[in-house]
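A look at the structure
These are the residues of each chain, in order.
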Amino acid sequence: MKELPKSYDFKEVEEKWYRFWEEKGYFRPRLDPRKPKFSVVIPPPNVTGSLHIGHALNNTIQDILVRYKRMDGYDTLWVPGTDHAGIATQNVVERELAREGKTRHDLGREAFLKRVWEWKERFGNRIIEQLKRLGASCDWSRLRFTMDEGLSRAVREVFVRLWEEGLIYRGDYIINWCPRCHTALADIEVEHRPTPGKLWYIRYPLAEGQGEVVVATTRPETMLGDTAVAVHPEDERYRDLVGRKVRLPLLGREIPIIADPAVDPEFGTGAVKVTPAHDFADFEMAERHGLPRVKIMDEDGKMTPEAGPYAGLERFEARKRVVADLEAQGFLARVEDYEVMLGHCYRCDCVVEPLLSKQWFVRTKPLAQPATAAVENGFIRLVPENWNNLYFDWMHRIRDWCISRQIWWGHRIPAWTCEDCGKTSVAREDLEVCPECGSRRIRQEEDVLDTWFSSALWPFSTLGWPEKTEDLRAFYPTSVLVTSFDILFFWVARMIMMGIHFMGNIPFRTVYIHALVRDEKGQKMSKSRGNVIDPVVMIEKYGADALRFTLAALAAQGRDIKLSEARIEGYKHFVNKIWNAIRFVLLNLKDFRPRELPLEELPLVSRWILSRLSYTVERVRDRLEAYEFDQAALAIYHFFWHEFCDWYIEAAKLYLRGEEARKATQEVLLRVAEASLRLLHPFMPFVTEELWQALPHEGESIMLAPYPRAEEFPQDPEAEEKMSFLMEIVVALRNIRADYNLHPTREIPAVVLSEKKAWRDLLQAEAPLVKLLARLSELEVREAGRPEAAASVVLSEAEVFVPLSGLVDMAQELSRLYKEKEKTEKELSRVETRLNNPQFLAKAPSEVVEKEKARARELQEKLQRIQENIRRFEALKS
Ligand SMILES: [Zn+2]
Ligand SMILES: [Zn+2]
């Protein structure tokens with residue numbers, strides 16, 4: 001039998017086994033038609049990314065599920081891949097160019113794209129390598145990229161079909177625009193922040209007769225693009241004015257006063273300006289009233305010729321000039337301070353402008369309806385289910401999806417416009433001539449598709465669609481999607497829409513939504529706070545197993561995960577504990593011969609550990625099926641550490657001494673150890689493989705061994721009840737030892753009283769075990785008759801005594817306790833003085849105050865314990 005080194009070198013082991021698994025092709029599905037299927041697609045990380053703690057959690061959970069199902073007899077596929085991440089990647093390369101003093105325009109589109117591809121080839125695989133370090137058992141032979149050939153074909157097919165079905169259109173639309181990045185932004189890409197601003201009240205004189213309407217605005221320069229003034233239809237103040245006209249200050253244009261229920265009579269004066277080309281609500285109001293849209297600002301954030309004398313001015317300069325002119329000409333009624341919610345670009349932090357622009361859209365309502373129904377009818381289950389309401393709410397409020405982006409890196413829109421006939425054609429293959437008129441003077445659309453467009457197809461495009469592949473047949477719909485909630489709408493909802501529309505079936509049956517990983521105080525991790533925990537550094541320091549187990553053990557549903565390095569270090573101890581336990585088992589298997597388990601002949605403690613294992617297996621499986629990874633991890637942890645190591649391994653030492661008992665105990669030790677490793681494998685793949693290979697085992701790899709079943713081990717409630725009783729006795733004796741400061745290695749006598757004959761018989765029968773575990777010199781069991789001068793603990797069905805005469809020098813012990821009491825009181829009084837000092841409370845950081853308070857509580861508790869002990873010794877002395 002192989003002997004294990006004393007301490008565990010995870011670095012060498014992790015690398016060795018990952019290579020072994022990959023070379024053996026264990027990550028690939030067998031494509032065995034008799035086996036049930038389990039499939040997962042990875043949420044594709046950005047090619048620009050490197051593994052952060054959120055990825056580590058997300059992929060640990062996926063790997064736990066995939067390894068569990070693979071061991072449990074499923075033909076399993078985990079499809080990996082990366083996302084081209086439009087703006088993010090383009091920005092990285094543009095920054096690189098900027099260092100060379102160039103812009104993408106200097107290179108031109110083609111050369112720039114070549115440069116991005118080169119960047120991707122060089123750096124785009126970093127995160128893949130990091131996922132391997134984590135132990136992810138993805139099928140790397142099926143690695144995909146959202147811009148690879150197959151996926152690009154899927155994107156084009158989807159675009160063309162949606163166009164043919166009338167679900168893609170081109171139109172004017174008001175969008176969020178970043179004048180610096182020069183692109184449309186999705187709502188989620190705009191960060192709204194409260195910012196101190198102003199509310200300007202502007203007089204609009206009536207076109208005919210006397211009088212005026214005063215409107216309030218936070219963006220006065222947009223008044224140049226006003227095409228109406230609106231009031232609420234029931235607003236008495238303006239009833240007579242509706243239908244009349246006002247003259248637009250500075251430009252002199254006449255515009256109507258309209259009534260619309262969307263106007264809030266409480267805002268400003270109750271009359272608002274309507275600027276359809278530069279405001280979302282106004283755009284919609286203009287649609288309802290057929291108002292013209294006047295675009296006074298362009299894509300660079302400069303004023304257009306429509307802005308008259310302000311044409312060419314930069315937007316903030318224009319604001320200053322407009323306000324100055326309004327004031328000079330007497331149109332400015334008043335100005336108030338006002339807090340505005342200002343939108344900022346998530347990439348460059350520039351102030352975003354709502355802007356009218358020609359964009360491509362997906363008509364979303366017809367796609368959203370079946371996607372909503374799929375969740376309503378339970379075909380797709382969101383876990384935890386409290387996300388349902390948010391999902392439904394989003395789906396009901398859904399707007400058409402603006403899919404065009406004004407960048408170069410991405411799927412270029414397959415539409416060509418003819419310079420001769422003016423028609424736009426969409427095609428599966430690149431066009432050379434206009435299909436309408438035969439002209440060769442055609443131009444392809446410059447825009448590319450929103451990155452989410454290709455990720456929306458991910459569950460079927462990665463399996464080979466639009467080809468009818470074996471993978472699609474076998475693995476679609478996928479089993480579960482593991483994701484965080486922040487992309488529930490932008491990604492998950494759209495995959496559901498596209499999956500149902502193009503596959504006629506949902507893309508996944510379950511969506512497991514995990515929490516966000518925060519620091520130990522619950523704060524978001526960020527570079528500026530300096531509280532980032534880098535998973536790659538953690539893997540280097542503690543090993544992937546420790547990191548994975550920590551993340552799983554903290555992954556309670558619906559709660560933010562509070563992570564600290566100390567936790568990971570803590571679970572590294574667990575890895576060492578496992579190592580040492582299996583090492584002990586191995587050291588005791590030197591003369592081992594496999595044999596049947598003589599169940600009836602096994603000692604109580606062996607029947608107990610097998611039963612505990614069976615219930616633990618049941619619980620772990622049950623919690624994994626419920627996506628309660630923390631509960632599953634803690635069940636294993638508790639069993640392995642607090643039942644197998646703390647009790648069974650200690651008890652086994654008694655039986656390993658015998659002849660027949662030794663053989664049976666070896667068998668139990670091996671079976672429990674081996675099954676525990678299999679149970680643990682999905683959480684800690686590396687150390688379990690290393691140890692499993694060292695134990696006698698069947699098969700090539702623990703990865704392919706069957707996941708334990710509760711039926712493998714007999715459940716024995718009677719043995720459990722008896723062991724609980726014995727363990728209670730042992731714990732009581734250990735507590736007495738601690739209370740009276742009796743050294744753990746010193747043997748002590750004990751007396752147990754119980755009125756129940758069954759318990760007395762049990763104690764007699766198991767006396768050697770109890771004596772071993774509690775380190776007793778003798779154990780006396782009685783029905784009645786409390787011993788003199790003894791420490792005691794009362795249990796529900798027994799009373800436990802340790803006669804102290806001869807064991808403890810009462811006087812010496814008492815003097816020690818009094819000294820300790822004095823010391824503790826002094827320290828407590830110091831801490832309390834500090835806590836009663838108002839200056840300390842006012843000036844010290846709250847963590848320091850909290851720490852002092854905790855210290856005070858600790859000292860109070862300690863003092864209580866000491867006093868309790870003094871009382872005990874005084875009582876015994878008398
Ligand atoms: Zn920007
Ligand atoms: Zn044409």
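Just so it is clear, the model here is predicted, and its values are computed rather than measured. Residue positions are given per chain, counting from 1 as you read along its sequence in written order. Whichever chain is written first becomes A and whichever ligand is written first becomes 1, with later ones labelled in order. This being a predicted model, a pLDDT of at least 70 is required before a residue's local features are given, and a value of 80 or more before pairs of side-chain atoms are given or counted; all residues contribute to the totals for chains, interfaces and linings. Side-chain metrics rest on all non-hydrogen atoms present in the structure, leaving aside hydrogens and water.

Description of the sheet that holds strand 19 (residues 424-426)
We count it as follows: In this description, strands pair whenever DSSP reports at least two bridges between them. Here a helix means four or more residues in a row that DSSP labels H or I, a strand means two or more in a row labelled E, and each is numbered from the N terminus. Every angle, taken between N-to-C directions, lies between 0 and 180 degrees, and every axis is a line fitted to C-alpha atoms, over only the stretch in contact when it is a helix.
With respect to topology, three strands assemble into an open sheet ordered 19-18-20, the strand pairing being antiparallel. Strands at the two margins of the open sheet, each flanked by one partner only, are strand 19 and strand 20 (442-444). Between one strand axis and the next, the sheet turns through 30° on average, direction left out of account. With three bridges joining them, strand 18 (residues 415-418) and strand 20 adopt antiparallel strand pairing.

Things to note about the coordination of the zinc ion (ligand 1)
As a reminder of what qualifies: In this listing, donors mean N, O and S atoms no farther than 2.8 Å from the metal, or 3.2 Å for Na, K and Ca; water is missing from the atoms, so a site can look incomplete. Under this scheme a four-donor centre is tetrahedral when all angles range from 85 to 135 degrees, a four-donor centre is square planar and a six-donor centre octahedral when opposite donors are above 155 degrees with the rest from 65 to 115, and any other centre is irregular. A simple rule labels every residue: compare its accessible area, found with a 1.4 Å probe on the protein chains alone, to the largest value its type can have, and call it buried under 20%, exposed over 50%, or partly exposed in between.
Donor atoms from the polypeptide that coordinate the zinc ion (ligand 1) comprise Cys178 (SG), Cys181 (SG), Cys345 (SG) and Cys348 (SG), at 2.2 to 2.4 Å from the metal. Here the zinc ion (ligand 1) binds four donor atoms, and the angle range of 104 to 115° at the metal identifies the geometry as tetrahedral. With relative accessibility at 16%, the residue Cys181 sits in the buried group. Among the residues examined, Cys348 registers a relative accessible area of 18% and is labelled buried.

Describing the sheet that holds strand 28 (residues 790-794)
Heads up, the rule is: Residues are treated as being in contact if the distance between any of their heavy atoms lies within 4.5 Å.
Spatial strand order, 27-26-29-28: four strands in an open sheet with mixed pairing. Taken across any chain shown, the strands that pair with only one partner, and hence form the sheet edges, are strand 27 (776-782) and strand 28. Averaged over all adjacent pairs, the angle separating strand axes in this sheet is 20°, with direction ignored. In the packing of helix 24 (residues 757-765) onto the sheet, the strands contacted are strand 26 (748-753) and strand 27, and the crossing angle to strand 27 comes to about 155°.

Thoughts on the packing of aromatic side chains
Aromatic ring pairs are reported here in terms of the distance separating the ring centres and the angle at which the planes meet. Filter applied, for reference: Think of it this way: a Phe, Tyr or Trp ring, Trp meaning its six-membered ring, pairs with another when their centres are within 6.5 Å, and the plane angle makes it stacked under 30 degrees, edge-to-face over 60, tilted otherwise. Charges are assigned to positions over rings by a cutoff of 6 Å between ring centre and Lys NZ or Arg CZ, combined with an angular limit of 35 degrees from the ring normal.
In the structure shown here, the tally under the stated rule is 42 aromatic pairs. Relative to Phe629, the ring of Tyr627 lies with its centre 6.2 Å away and its plane at 65°, an arrangement referred to as edge-to-face. Each member of the pair, Tyr627 as well as Phe629, carries the same accessibility label: buried. The structure contains a cluster of three or more aromatic residues connected by ring pairs, namely Phe549, Tyr571, Phe574, Tyr637, Phe640, Trp641, Phe644, Tyr648 and Phe683. Note that Arg67 overlies the ring of Trp21, its terminal NZ or CZ placed 4.5 Å from the centroid. When the ring centre of Trp647 is taken as reference, the NZ or CZ atom of Arg734 above it lies at 4.9 Å.

A word on the pattern of salt bridges
Side-chain pairs of opposite charge can arise where the charged atoms are in close proximity. The following threshold applies: Definition used for salt bridges: Asp or Glu carboxyl oxygen within 4 Å of a side-chain nitrogen of Lys or Arg.
Tallied over the full model, the rule gives 79 salt bridges. Of the charged contacts in the structure, one is a salt bridge between Arg412 and Glu446, with a shortest N-O distance of 3.8 Å. A residue pair is termed long-range when its members are at least 10 positions apart, and Arg412 in the loop between strand 17 (404-405) and strand 18 and Glu446 in the loop between strand 20 and strand 21 (448-449) qualify at 34 residues. Classification of Arg412 as partly exposed rests on a relative accessible area of 28%. Of the charged contacts, one joins Arg662 and Asp591 as a salt bridge, the two residues approaching to 3.0 Å between their closest N and O atoms. Pair noted here: Arg662 is in helix 21 (residues 660-680) and Asp591 is in the loop between helix 18 (565-587) and helix 19 (604-625), with a separation of 71 residues, a long-range link. Linked by salt bridges that have partners in common, Glu96, Glu100, Lys102 and Arg115 make up one network.

Overview of the coordination of the zinc ion (ligand 2)
The coordination sphere of the zinc ion (ligand 2), as far as protein atoms go, consists of Cys418 (SG), Cys421 (SG), Cys434 (SG) and Cys437 (SG), spread over 2.2 to 2.3 Å. Each of the four donor atoms around the zinc ion (ligand 2) contributes to a set of angles spanning 105 to 116°, which defines the coordination as tetrahedral. Every donor residue of the zinc ion (ligand 2) comes from the same chain, spaced as C-x2-C-x12-C-x2-C. On the criterion of sequence distance, the pair formed by Cys421 in the loop between strand 18 and strand 19 and Cys434 in the loop between strand 19 and strand 20 is long-range, its members being 13 residues apart.

Let's talk about helix 22 (residues 685-694)
Burial within helix 22 is extensive, with nine of its ten residues counted as buried. Of the residues making up helix 22, those classed as buried are Pro685, Phe686, Val687, Thr688, Glu689, Glu690, Leu691, Trp692 and Ala694. Taken together, the buried residues of helix 22 touch helix 1 (10-24), helix 2 (53-71), helix 6 (126-134), helix 17 (544-554), helix 18 and helix 21.

Looking at the side chain of Asp519
Selection rule: Charged-residue counts in this description rest on Lys and Arg as positive and Asp and Glu as negative, His and the chain ends being excluded. Each polar contact in these results corresponds to two N or O atoms within 3.5 Å; when the atoms are within protein, one needs to be able to donate a hydrogen and the other to accept it, and residues that are neighboring in sequence are counted only if both atoms are side-chain atoms.
Within the secondary structure, Asp519 sits in strand 24 (residues 517-519). Despite its burial, Asp519 pairs with no opposite charge; the closest candidate is Lys521, at 5.5 Å N-O. At 2.9 Å, the side chain of Asp519 forms a polar contact with the backbone nitrogen of Lys521. Asp519 has contacts with Met525, Asn531, Lys562 and Leu563, leaving out every residue within four places of it along the chain.

Details of the nonpolar core
Let me state the cut-off plainly: We define the nonpolar core as a collection of buried residues of types Ala, Val, Leu, Ile, Met, Phe, Trp, Tyr and Cys that are connected through side-chain atoms lying within 4.5 Å of one another.
Ranked by internal contacts, the top residues of the largest apolar core, which has 220 residues, are Phe453, Met498, Phe644, Phe683, Ile729 and Leu804. Other than its neighbours up to four places away in sequence, Ile729 contacts Val752, Leu763, Val770, Leu795, Ala798 and Val800. By size, the runner-up hydrophobic cluster in this structure holds 42 residues, among which are Met223, Ile255, Met303 and Leu356.

Observations concerning the packing of helix 21 against helix 22
Put simply, the rule reads: Roughly parallel refers to an angle under 35 degrees, roughly antiparallel to one over 145, roughly perpendicular to one between 65 and 115, and oblique to any angle outside these ranges. In a left-handed crossing the near helix is turned counterclockwise from the far helix by less than a right angle, and in a right-handed crossing that turn is clockwise. Only Asp, Glu, Lys and Arg are considered charged in this grouping, and only Ala, Val, Leu, Ile, Met, Phe, Trp, Tyr, Cys and Pro are considered nonpolar; every other residue, Gly among them, is considered polar.
It is the contact of helix 21 with helix 22, at a shortest axis distance of 9 Å, that shows an interaxial angle of 155°. Looking at the two axes, helix 21 sits roughly antiparallel to helix 22. In the crossing of helix 21 with helix 22, the sense of the turn from one axis to the other is left-handed. Where helix 21 abuts helix 22, its residues Glu674, Leu677, Arg678 and Leu680 lie against Thr688, Leu691 and Trp692. In terms of residue class, the contact of helix 21 with helix 22 is built from four nonpolar, one polar and two charged.

What about unusual backbone geometry?
Residue Trp465 is joined to Pro466 through a cis peptide bond whose omega torsion reads 10°. Locating Pro466 in the fold gives a position in the loop between helix 13 (458-461) and helix 14 (470-475). The phi dihedral of Asp349 falls on the positive side, at around 70°, and the residue is not glycine. Counting through the fold element by element, Asp349 comes out in the loop between strand 13 (332-345) and strand 14 (353-362). With a phi angle near 60°, Asn741 is a residue other than glycine that sits in the positive phi range. Tracing the backbone through its elements, the reader meets Asn741 in the loop between helix 23 (717-739) and strand 26. With relative accessibility at 47%, the residue Asn741 sits in the partly exposed group.

Quick look at the pairing of strand 23 (residues 508-514)
Worth spelling out the cut-off: Look down the strands so they point away from you; if the path from the first strand over the helix to the second goes clockwise, the crossover is right-handed.
Of all seven residues in strand 23, six are buried; the element is thus mostly enclosed. Note: strand 22 (residues 478-484) against strand 23, six bridges, orientation parallel. When the sheet's bridge partners are listed, Ser484 is paired in strand 23 with His514. Chirality of the crossover, the property in question, places the unit of strand 22, helix 15 (residues 488-503) and strand 23 among those that are right-handed.

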